[in-house]
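Reading the structure
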Protein chains: 4
Amino acid sequence: MLTGAEYRASLADGRRVYADGRQVADVAGHADFVVPIAAAAGGYDRFWKPGDAVNEYLKPPESADALRAHGAMRADQLTHGTFTCLMTLLTAGDRIADVRPQGQAAARKFVAEALRRDIRMVETITDAKGDRALPPAKQSDPDAYLRVVARQADGVIIRGAKLHVSLAAMAHELMVIPTKAMKKDEADYAIACAVPANAPGVKIVSVGAPPHGDLRDSPIGAVRYNPQCFIIFEDVFVPWDRVFLDGETEHAASFAHALGLWLRAGSLAQAANEADAIVGMAQLVAEANGLEKVAHIREKITDMALHATMVRAAYEASMANGQVQPNGAVLPNELYANAGKYLAAAEHGLMLRHLLDIAGGSALTAPSHADFENPETGDLLRKYMATKPEVDGLYRTKLFHAVRDMTVSSYAGYHAIGQLLGGGGLNAQRVVMRGRYDFDRAKQFARDASGLGSNT
Amino acid sequence: MLTGAEYRASLADGRRVYADGRQVADVAGHADFVVPIAAAAGGYDRFWKPGDAVNEYLKPPESADALRAHGAMRADQLTHGTFTCLMTLLTAGDRIADVRPQGQAAARKFVAEALRRDIRMVETITDAKGDRALPPAKQSDPDAYLRVVARQADGVIIRGAKLHVSLAAMAHELMVIPTKAMKKDEADYAIACAVPANAPGVKIVSVGAPPHGDLRDSPIGAVRYNPQCFIIFEDVFVPWDRVFLDGETEHAASFAHALGLWLRAGSLAQAANEADAIVGMAQLVAEANGLEKVAHIREKITDMALHATMVRAAYEASMANGQVQPNGAVLPNELYANAGKYLAAAEHGLMLRHLLDIAGGSALTAPSHADFENPETGDLLRKYMATKPEVDGLYRTKLFHAVRDMTVSSYAGYHAIGQLLGGGGLNAQRVVMRGRYDFDRAKQFARDASGLGSNT
Amino acid sequence: MLTGAEYRASLADGRRVYADGRQVADVAGHADFVVPIAAAAGGYDRFWKPGDAVNEYLKPPESADALRAHGAMRADQLTHGTFTCLMTLLTAGDRIADVRPQGQAAARKFVAEALRRDIRMVETITDAKGDRALPPAKQSDPDAYLRVVARQADGVIIRGAKLHVSLAAMAHELMVIPTKAMKKDEADYAIACAVPANAPGVKIVSVGAPPHGDLRDSPIGAVRYNPQCFIIFEDVFVPWDRVFLDGETEHAASFAHALGLWLRAGSLAQAANEADAIVGMAQLVAEANGLEKVAHIREKITDMALHATMVRAAYEASMANGQVQPNGAVLPNELYANAGKYLAAAEHGLMLRHLLDIAGGSALTAPSHADFENPETGDLLRKYMATKPEVDGLYRTKLFHAVRDMTVSSYAGYHAIGQLLGGGGLNAQRVVMRGRYDFDRAKQFARDASGLGSNT
Amino acid sequence: MLTGAEYRASLADGRRVYADGRQVADVAGHADFVVPIAAAAGGYDRFWKPGDAVNEYLKPPESADALRAHGAMRADQLTHGTFTCLMTLLTAGDRIADVRPQGQAAARKFVAEALRRDIRMVETITDAKGDRALPPAKQSDPDAYLRVVARQADGVIIRGAKLHVSLAAMAHELMVIPTKAMKKDEADYAIACAVPANAPGVKIVSVGAPPHGDLRDSPIGAVRYNPQCFIIFEDVFVPWDRVFLDGETEHAASFAHALGLWLRAGSLAQAANEADAIVGMAQLVAEANGLEKVAHIREKITDMALHATMVRAAYEASMANGQVQPNGAVLPNELYANAGKYLAAAEHGLMLRHLLDIAGGSALTAPSHADFENPETGDLLRKYMATKPEVDGLYRTKLFHAVRDMTVSSYAGYHAIGQLLGGGGLNAQRVVMRGRYDFDRAKQFARDASGLGSNT
């Protein structure tokens, strides 16, 4: 296993990363990446064990209890993302075994190696997509979806772009999979493989700046903001033992499906915890303001607690109805996981509206730490930000900084997009939920309630 | 145990029941009561066993599995209501034991006797209440809340009214409990006891007529409509061994609280099943109309399935997190039960709106069975109510009758009120949910997410 | 002009009306029709003037002020429906003039005659429709949409059914129009004409019974419930001077479109008034219960008032932005009319939920007038239904009867369907609203706000 | 009148402004203020006229048409804010005339002088407030609400803080008014006056940084972001001719009320325009992606258009029902203005959720202009950001920059708070709406519909 320091060093591997219009010479030292790399390095150190040990977080959970225990473990985003990738490869590997046994074998071998090498991996799925009204093979630019442009004795050459990739600049491996189902004439687009982040032809453009300035004023974003990447594959060579799928169009969606499943499973517990945290923040700020007994404030917090409870109910139902998969890993129940994820995403904005509405304008206008340290204004601000003897002005200001970072800062925006669009957007979650809902049982319930026999 | 026939005969016990402005001479034979009495008699026959057996449905479930199994058993409403009353007496009996041990003993003895006698009981809780802005002791009419008007060596005399009582005309016993917490000066209102339905001074006014005419046109209401009762207690004597609480104001709410808990626990599984049935009905009617692939119809059904899934998730979470109570019976988790019940009640109207919107106007204007049997119109109606070779006009008409009975008939209205107000109304469910929500944990989550220590 | 008595007499014209599986011998005397016929007769008497006068309500409004004044006039439903039909014929007549000038002439002549004869007319638009996934010409039963089965020198023969027709049994004329746009090969379905209610081959099946029993207990339904009709046209002959469209498929939808416009225009003011009435009823019942100052009740009523205000705002905006049509009549603005109608329909259920939630269970269980008149129960019920010296028990009971009739009676269900589906259902209103929304302006606003020039 | 250059020069008046913990030496040159000062200077130049002219935008509109015309004029935020202040002073001045005629006179004189001097003014209303559960006079810190600490022959001395003040650093005058109604014993808190921004004792702490870096990537925020100010009054002297209210507690709320009215009136048209712009942006991005015909996208855009239409309906209804006030200026109707403002604020988040959901992840991850200018990545990004021949990659990227700035950037957060909390927060808007709603009329409607006479 690697230590955090070894991890940092491993990033100087020739990768081509761009930020703000310039190539990044020293990834580990670049201001935009300091925070997520520190988090990832911390993760290495936390899970480090001597000898041939394997990272505890990355082992497949093989029972409902193990799954629940895994849900309760804390990990940095990069380690969690790696877990999602490895589970996806195992799950999808089994599903494609009938038509591409060598793909299943490659996936299993890759996972075993990844655990041994203790590397970190990110998923890259979303293509540039071109005109959404047309399929891949009909695009005016054939590279709008990543594709195989040549096949050689030793591997394939791929070209295209993958968007919305979190943490790519600080990962070792990119999991490249098709973004959707493919038709028979789209064989070149049915490609799944693993590509090192420093492979020739890979360009990683980092987009979105993390909070800057005095990070004390951005208490949440300062530790959670992850730059996104726009990755370009300029005719990148991938050897066969890293190719999991190549041309088996009937299985093009198997990877995306497995990924969606693990992504949503992983995010539901997180969403439940966050919903509770937002309720708690609303209650803290109401108390700090002396408003916790006002009727409309209480009603809003009650609405918020109801929402948080329902998100957690979906999580509980999903865990209580999980099933062991053929590959040994346990999956949470998909119906409840998708319904809960949808609910959490759909109502996130309303939760934030309530929080802001309760907090009031200081969520925007709370002074900075620097203002507090300025002798000409510090004591006055502390005086006026206080509300009662037991609520200090600086404490309350920090609370508002947190509210701002939860609701209206650029971190809040970054996070809102993740909440809403992570795992495919509201519609994707609805479609999957609908696909798992048991309509036959519902129709039988309806017939029973109506005194109807079956008609057809 | 009693048979259905013995149960019917038992109702001729001198009880005073009124309907449509007249006293009912023969309760078992009255048109308004035919349906619920048939259901109750059927319940007796279904659960009947020889010898000293006890009704299976009425035994307290003593493990989470038993609770789940009980939830899956089917029973008529009167038997289910009796179960709710007996569980309430056991639960509340334990809670009052410290201040009124003879009340606990009376409750336990009453339950044992009830099982032995195989009687049916209904809960009566809601008082007339007078001016809601004033407490019981401040009302212009002191009888606005049921109270003890005299205490004697052998028992108490009670006066007042209890409203919104389902199935009282066909039950043997009335469980009389305070509707809310009482203050110290309201001791006469802190009365809980059991009163036979035929006790002198009890007048049962039946309100609300069940579906009439050709019951084939009311397929749901014809089997589920229960007349409500307005019960007046004109100085009714209750012997001490039927008095569970008398004057211990600190425990006035213990009975209402226990009842609310068992009511909501009992109704959540029912609500989940009903939500699925409404989804199924929407799908059936969309298919019968040939509309199941139309985008906005699919989206509405998806919304409905999401709702049904979340109600069931709350039920699953509630069962998975139940706890054994001191009295041996297992209670579902209250937080999830209340949140789920609230969700089901709050969104019931939207479910019906979607169903109606999908069904269209025939939910109102589908012809009657008599119209189908009229030779001048029958064939024509069948022709025009059909939609395709495999969807017969009469089948589709029956489906619309069911939709009507689910959405807009007087039964639908009766049921909507039960959904919305059963167990205390939306606000009551919110208040209980809020009381069970763990705000301390939520605040700690907020502090952790914000990098805040505790301030106070 | 006719008097009410003359109107009643005019209904004995040989028409074939069916109810409850039997032909109705005396329409004016049938129990199901008493209420609407009384309302219609009252309308005749109210608007009656001597000589050659024309019904004031039926004259086309020719300015925004006249339109507003017309909106403020009260009329019975049959007279209002007649107005809607005549306006529809004038509007659609003008629109088809280019391709069928004789149709425009027939429409104008018919309207003039209708005013002179002082008759009443109802619109019949919805066909049986068969399989909604197939167009008229592809149905397994070609009569699923009403069509011309023969053309003769003197007129056409039509066959089919029209559903969801209000008040047909008590009208003189049926306006028959296509339910939707037709394709070129569906010429036989592009038929619009006027058919007397007593024309040979017309069978009117009345569906849905009005409130029965003691009508004092149904204060709203007793005066507003209108039975719906299912009308069958069995090879009905229509002379050419009553044919407005025959085969001009490009104009098949012109009548439906004009009708939709006048229907929604007519119903928006009504919806605004009703929304206010529901707010008022909630406030009255809260006051009668002594609950008007409770926070959650106030919040609910505030939500209701907000909704009522927005519905009225749409009406005000629609009137303030009306336009004179080529035919001289002023039309309210369609964009606002549709948006307002959609809002009113979509939120009607929530308004009723709030009303019920505020009223509580007595909305279902308030005793009947007969119970009040029963000497054994009357005084007791009055005592217990009272809440304070100034709120009498009978007054409060009547208030609950009204709440019941607004929310959960079979009249409430009948009305809910009208609210939701009248004028075509929620989706139809959305589609029309979308069609009127100015997307080009919106896109320009977006470009201006974004600093974007135009791209395409 | 002043030119833009004269305005810039006028800001070097000794004012004490702080930002990022340091005093700002040159306000007009400070990076945080460049954008709003440029906008304000542009406003001066736009409205400039020679001679004794008065700024057109600042003249009170004296008819409904003038009001509508004023609503259609464009102005920078500082000029618009000045208009709001002057209207507020005139309106409130009239209302206090009975108890403080010299206050009315002072207000009128101040307004006339302000027009003559062509100055800019901002409103300062929100106090620090301390413990919201306590009134001003009961706070542990008596300065929690701004108050008069001394009265002298020539004026008063005030102390306290005003929060959430937009653009104070670049205005000439501060309008200081009580934040709420005051009780009789709170006379020192009933103070309204005008204070120059550079008055001794005034400290202006600027909070919140505008977008930084390459402003091309922040197309909306770069022109609309206004830093907020936290203003401290350290024993500031105000001469009597600038004091509008001093101690007349019965009129403490008159200024806040007048301000709320003008604020909401001013913001409703803006909200309607913005809602349309968001619809347009959603349509533009759907078209750029080739998704404009996908059913769920169309439905979302229809929902958005419905919302925008209803906000505009409220504006239209408010204008159509405006009334001339005693002071000559016309006020839009308050009921509709508040209902519309509430609707716009409450649903703003949902509008943004729909926009984001339609746009997808590129709202976050669209590359920067610098990335496009980097020769190693520019062409590739342009290639992959394009979707079809007619949609250029750079155009689409700019569109996403605008979407980001509308939804998730720090500007979007700043704006969301303004939308939600401007003019007092959702609850304030509800309270005012409720106060203007005609409950008596609604109750009469209810009685009429129910066949009830009046009871009380």
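Calculation rules
Residues numbered from 1 in each chain as written. Chains lettered and ligands numbered in written order. Predicted model: local features only at pLDDT ≥ 70, side-chain atom pairs only at ≥ 80, totals over all residues. Helix = DSSP H or I, 4+ residues; strand = E, 2+ residues; numbered from the N terminus. Rg over C-alpha atoms; globule rule 2.2 N^0.38 Å. Buried ≥ 20, exposed ≤ 12 C-beta atoms within 10 Å, placed from the backbone. Contact = placed C-beta atoms within 7 Å. Least-squares fit on C-alpha atoms with pLDDT ≥ 70 in both. Pairing = 2+ DSSP bridges. Axes fitted to C-alpha atoms, helices over the stretch in contact; angles between N-to-C directions. Domains from an automatic or database assignment. Nonpolar A, V, L, I, M, F, W, Y, C, P; charged D, E, K, R; others polar. Parallel < 35°, antiparallel > 145°, perpendicular 65-115°, else oblique. Expected span 1.5 Å × (residues − 1). Core = buried A, V, L, I, M, F, W, Y, C linked by C-beta atoms within 7 Å. pLDDT = per-residue confidence, 0-100. Left-handed = near helix turned anticlockwise from the far one by under 90°. Arc of directions from axis to C-beta.

This next bit is on the overall build of chain A. The number of helices and strands found in chain A is 16 helices and 13 strands. In terms of C-alpha radius of gyration, chain A reaches 24 Å, essentially the compact-globule figure of 23 Å for 456 residues. Dimensions of chain A, computed from C-alpha atoms along their principal axes, come out at roughly 75 × 75 × 50 Å. The proportion of buried residues among the 456 residues of chain A is 62%. Of the contacts made within chain A by residues no fewer than 6 positions apart, 75% connect residues no fewer than 24 positions apart.

It is worth spelling out the relation of the copies chain C and chain B at this point. For the pair chain C and chain B, the best superposition has an RMSD of 0.0 Å and corresponds to a rotation of 180° with a translation of 0.0 Å parallel to the axis. Both chain copies can therefore be described as sitting about a two-fold axis. Residue S410(C) of chain C places its C-alpha closer to the rotation axis than any other residue of that unit, at 2.2 Å. In this assembly, 100% of the residues forming the interface of chain C have copies in chain B that are likewise at the interface, indicating an isologous arrangement.

The next thing to look at is the sheet that holds strand β3 (residues 121-124) of chain A. All names here are of chain A. Spatial strand order, β3-β7-β8-β11: four strands in an open sheet with mixed pairing. Each of the sheet's edge strands pairs with one partner strand only, and the pair in question is β3 and β11 (243-246). The sheet shows a mean angle of 25° between the axes of neighbouring strands, taken without regard to direction. Two strands pair when backbone bridges link them, and strand β7 (residues 173-176) and strand β8 (residues 191-196) are joined in this way by four bridges, in the antiparallel orientation. Directly across from V176, in β8, lies its bridge partner C193.

The next thing to look at is the domain arrangement of chain A. All names here are of chain A. The domains assigned to chain A are domain 1 (4-252) and domain 2 (254-444). Computed over C-alpha atoms only, the centres of domain 1 and domain 2 are separated by 27 Å. Of the residues lining the interface, 39 residues belong to domain 1; the matching set on domain 2 comes to 29 residues. Listed by contribution, the elements that provide at least two residues to the side of domain 1 that touches domain 2 are α3 (64-72), α4 (77-96) and α6 (221-224). Looking at which element gives the most residues to the side of domain 1 that touches domain 2, the answer is α4, with ten residues. Along the lines of polarity and charge, the residues of the side of domain 1 that touches domain 2 split into 18 nonpolar, eleven polar and ten charged.

A few words now on the interface of chain C and chain B. The figure often quoted for interface size is the accessible area lost as the parts come together. Of the residues lining the interface, 71 residues belong to chain C; the matching set on chain B comes to 71 residues. For the side of chain C that touches chain B, the leading source of residues is helix α14 (residues 410-421) of chain C, giving eight residues. When grouped by side-chain class, the residues that make up the side of chain C that touches chain B number 31 nonpolar, 26 polar and 14 charged.

To continue, consider the sheet that holds strand β8 (residues 191-196) of chain D. Sheets are built from strands paired through backbone hydrogen bonds, the pairs being either parallel or antiparallel. Residue and element names in this part refer to chain D. Spatially, the four strands line up as an open sheet ordered β3-β7-β8-β11, and their pairing is mixed. The open sheet has two edge strands, β3 (121-124) and β11 (243-246), and neither has a second partner. Adjacent strand axes in the sheet meet at a mean angle of 25° when their direction is disregarded. The pairing of β3 with strand β7 (residues 173-176) spans four bridges and is parallel. Residue V122 lies in a different strand from β7, and its bridge partner there is L174.

Another point: the interface of chain D and chain C. Contact with chain D, which involves 51 residues of that partner, is made by 51 residues of chain C. Looking at the side of chain D that touches chain C, the elements with two or more residues in it are α7 (252-289), α8 (295-320), α9 (334-359), α13 (393-407), α15 (425-436) and α16 (439-450) of chain D. Top contributing element to the side of chain D that touches chain C by residue count: α8(D), with ten residues.

Okay, the pairing of strand β5 (residues 147-152) of chain A next. Residues and elements named next belong to chain A. Taken together, the five bridges between β5 and strand β6 (residues 155-166) define a ladder with antiparallel strand orientation. What sits directly across from R151, in β6, is V156. Counting the residues that bridge the hairpin from β5 to β6 gives two residues.

For the match of chain D to chain C, the screw axis carries a shift of 0.0 Å, the RMSD comes to 0.0 Å, and the turn is 180°. Comparing interface residues between copies, 100% of those in chain D also lie at the interface in chain C; the contact surface is shared.

Bringing the packing of helix α15 (residues 425-436) of chain A against helix α8 (residues 295-320) of chain B into the picture now. Between α15(A) and α8(B), whose axes approach to 10 Å, the crossing angle comes to 70°. In this view, α15(A) runs roughly perpendicular relative to α8(B), as classed from their interaxial angle. Listed contacts from α8(B) to R430(A), M433(A) and R434(A) of α15(A) are T302(B), A305(B), L306(B) and T309(B). Taken together, the residues that form the contact of α15(A) with α8(B) break down as three nonpolar, two polar and two charged.

All names here are of chain A. Mapping F47 onto the fold places it in helix α2 (residues 34-47). For the pair F47 and A75, spaced 28 residues apart in sequence, the C-alpha to C-alpha distance is 9.0 Å. Setting aside chain neighbours within four positions, we find F47 in contact with N55, E56 and Y57.

What follows deals with α9(D). Residues and elements named next belong to chain D. Taking 1.5 Å of rise per residue, 26 residues should cover 38 Å, and α9 covers 36 Å from first to last C-alpha, within 8% of that figure. The buried count for α9 comes to 24 of 26 residues, which makes it a mostly enclosed element. After α9 finishes, the residue G360 shows a positive phi value of roughly 85°.

Quick look at the nonpolar core now. Of all hydrophobic cores here, the largest spans 640 residues; its most connected members are A314(A), A314(B), A314(C) and A314(D). Setting aside chain neighbours within four positions, we find A314(B) in contact with M310(A), A313(A), L268(B), Y336(B), A339(B), G340(B) and L343(B).

This paragraph deals with the confidence of the model for chain A. Residue-level pLDDT values for chain A average 93, and 99% of them are 70 or greater. Interface confidence for the predicted complex, given as ipTM, is 0.93, next to a pTM of 0.94.

Contact geometry for helix α9 (residues 334-359) of chain A and α9(D): axes closest at 9 Å, N-to-C directions at 150°. The two elements α9(A) and α9(D) meet at a crossing, and its hand is right-handed. Contacts between α9(A) and α9(D) involve G349(A), L350(A) and R353(A) on the former and, on the latter, G349(D), L350(D) and R353(D). Of the residues contributing to the contact of α9(A) with α9(D), the split by class is two nonpolar, two polar and two charged.

Residue and element names in this part refer to chain B. Relative to strand β10 (residues 228-239), strand β6 (residues 155-166) runs antiparallel, the two being bridged by nine bridges. Among the inter-strand pairings, I157 is bridged to a residue of β10, identified as F237. One ladder, built from six bridges, connects strand β9 (residues 202-207) with β10; its direction is antiparallel. Among the inter-strand pairings, K203 is bridged to a residue of β10, identified as I232.

Bringing the environment of D185(A) into the picture now. All names here are of chain A. Here D185 is to be found in the loop between β7 and β8. Its 12 C-beta neighbours within 10 Å are what place D185 among the exposed residues. Between the C-alpha atom of D185 and that of R74, which follows or precedes it by 111 residues, the distance is 44 Å.

This part takes up unusual backbone geometry. Despite not being glycine, K129(A) has its phi angle at roughly 80°, a positive value. Here K129(A) is to be found in the loop between β4 (126-127) and β5. Here D20(C), not a glycine, exhibits a phi torsion of approximately 50°, which is positive. Its place among the elements puts D20(C) in the loop between β1 (16-19) and β2 (22-23).

Our next topic: helix α12 (residues 378-385) of chain B. For α12(B), the set of buried residues is L380(B), L381(B), Y384(B) and M385(B). Considered in projection along α12(B), the buried side chains sweep an arc of 120° and stay on one side of the axis. The elements touched by buried residues of α12(B) are α11 (369-373) and α13 (393-407) of chain B together with β6 (155-166), β9 (202-207) and β10 (228-239) of chain C.

Right, let's talk about the environment of Q270(B) for a bit. Within the secondary structure, Q270(B) sits in helix α7 (residues 252-289). In this structure Q270(B) comes out as partly exposed when scored by C-beta crowding, with 14 C-beta atoms within 10 Å.

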